[in-house]
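Chain by chain, the residues:
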Amino acid sequence: MAWIDEVRERAKARLEHARLGAQPPPFVGDQVATATPVVMVDASPRDEDGLPRAVRVAGAWSWRIVLFFAVGWLLLQVIARLDLVIIPVVVAVLLAAMFQPVAAWLRDRGMGRSLSAALVLLTALIVVFGGLGLIINTFVSQVDTLSSQVGDGVRQVQDWLARGPLHLSQDQINDAIAEAQTAITSNRGALTSGALTTATTIGEVGTGFFLTLFTLFFFLRDGDQIWRFVCRLLPRAARLPTARAGHYSWHTLVSYVHATVLVAFVDAIGIGIGLFALQVPLALPLAALVFLGAFIPVVGATVSGAVACLVALVTVGPVKALILLGVVIAVQQLEGHVLQPLIMGRAVALHPLAVILAIAAGVVLAGIVGGLIAVPLLAVLNTAVRYLFAHPDGEPTPDREPPGTEDPDEPDEPEPTPSVPSASSSLEKPA
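Treat the numbers as computed from the prediction; the structure is a model and nothing was measured.

Scoring rules and cut-offs
Residues numbered from 1 in each chain as written. Predicted model: local features only at pLDDT ≥ 70, side-chain atom pairs only at ≥ 80, totals over all residues. Heavy atoms only, no water. Helix = DSSP H or I, 4+ residues; strand = E, 2+ residues; numbered from the N terminus. Expected span 1.5 Å × (residues − 1). UniProt positions renumbered as here; feature names shortened; annotations may be inferred. Axes fitted to C-alpha atoms, helices over the stretch in contact; angles between N-to-C directions. Parallel < 35°, antiparallel > 145°, perpendicular 65-115°, else oblique. Left-handed = near helix turned anticlockwise from the far one by under 90°. Contact = heavy atoms within 4.5 Å. Nonpolar A, V, L, I, M, F, W, Y, C, P; charged D, E, K, R; others polar. Salt bridge = Lys/Arg side-chain N within 4 Å of Asp/Glu carboxyl O. Buried < 20%, exposed > 50% of the residue type's maximum accessible area, 1.4 Å probe, protein only.

Draft legend 1. Focus on helix H7 (residues 236–277). If you check H7, its first and last C-alpha atoms are 62 Å apart, about what 42 residues at 1.5 Å a residue would give, namely 62 Å. At the C-terminal side of H7, Gln-279 shows a positive phi close to 60°.

Listed below in structure tokens is the structure:
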């Protein structure tokens, strides 16, 4: 069977050829391997090739900066449209930072999450409404005395205008009073419209108040779970760094709020003692105003103290008003040179210029609420940015403390390498 042997030989030859073809060709030193020629295409020149590199880099940065500000402007527009929702949520965050340690202490003693949050919220409401009731009763009980003292103060001002360095005649003073009354009468429609606007504002305040209560309750009960849920929405590589940055930022916010409350309490006690000692009417409401004003750093207590001095000037005379001004200045010096460095400096270290600029920007963008939240927002961002810049992989700080709390006037020391690297990607315990 010659043809079968021929077919068998051809098959063996093909298999051998396939086997040899799968191997690389042998290297021969004297032989120059031929390669496929590579054709280089010369691209046509572009317009930006003639520009200096610095101009090209500046242009690339410029459109990105413009895009950044455009996104920020859109974000502000969204916030302005949703201020009725965003402001209560922000206030609830600040209140949660104030009360969360108490709720955590109750949970550590075996109390349930819902019960501890409800108990803290109910206690806070009792304290707040009890204080408001006391202030309102004080105001109502002293309003008659205040009216008579204001009338006496206005007459003293008129006498000073007539007998003082201005030497105004009584007719000029009467004409000015008549013009003021005419202006009020002619703008009665605007005042009525303002009353309607005030009624609408009261409705919005009521809505915001109940929204703040509900939000605060759930922040106290499920704040850590809400934050872990938000972190799980991020890409896996960003979860741990974001979770730990939020953990440190939250500790900064808690420390800031507690320090602010303590400073505000000291301001209110100091100026309130001066008000009671000088027998200024509405001493308790004015002290409460100083307490609330102190939540806006640097300028809040000063402005509220100036209001107290004006009330003292109109009601009890210039001598006691000057004495009260001295008390306000002394309290402000105590706050600026003792309380702020000792208490606030341990919570968050921000340069005074940064604080002033943040308050000014907050007031311009969002009024009183903006001035209230500007500094804590800056403190939180300072902590988060400094942590992410120094620890992009999410490892803990060596001292387990939030970054950005050291004195800004002291030079930065090199940070030691953490002894225990973080290799876990779990978000159950970000700290």
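Draft legend 2. Representation of the UniProt feature "transmembrane region" (unreviewed entry) in the protein chain. When the UniProt feature table is mapped onto this chain, "transmembrane region" (unreviewed entry) is found at residues 61–79, 85–106, 118–140, 201–220, 253–276, 282–303, 310–334 and 354–381. The span residues 85–106 carries 100% helix and 0% strand; its end-to-end C-alpha distance comes to 29 Å. This span, residues 118–140, is 100% helix and 0% strand, and a straight line between its end C-alpha atoms measures 32 Å.

Draft legend 3. Molecular detail of the packing of H7 against helix H8 (residues 283–293). Where H7 contacts H8, the axes come no closer than 8 Å and their chain directions differ by 155°. The orientation of H7 with respect to H8, classified from their angle, is roughly antiparallel. In the crossing of H7 with H8, the sense of the turn from one axis to the other is right-handed. Side by side, H7 and H8 meet where Val-261, Ala-264, Phe-265, Asp-267, Ala-268, Ile-271, Gly-272, Leu-275 and Phe-276 of the first sit next to Ala-283, Leu-284, Leu-286, Ala-287, Val-290 and Phe-291 of the second. Of the residues that constitute the contact of H7 with H8, the class distribution is 13 nonpolar, 1 polar and 1 charged.

Draft legend 4. Layout of the pattern of salt bridges. If you walk through the whole model with that rule in mind, you get 2 salt bridges. Across the salt bridge formed by Asp-222 and Arg-221, the nearest N and O atoms sit 2.8 Å from each other. Of the residues examined, Asp-222 reaches a relative accessible area of 13% and is grouped as buried. For Arg-221, a relative accessible area of 23% corresponds to the partly exposed category.

Draft legend 5. View of the environment of Leu-381. Examined against the element boundaries, Leu-381 turns out to sit in helix H11 (residues 352–390). For Leu-381, a relative accessible area of 46% translates into the label partly exposed. A sequence separation of 132 residues divides Leu-381 from Ser-249, and the C-alpha atoms of the two residues are 7.5 Å apart.

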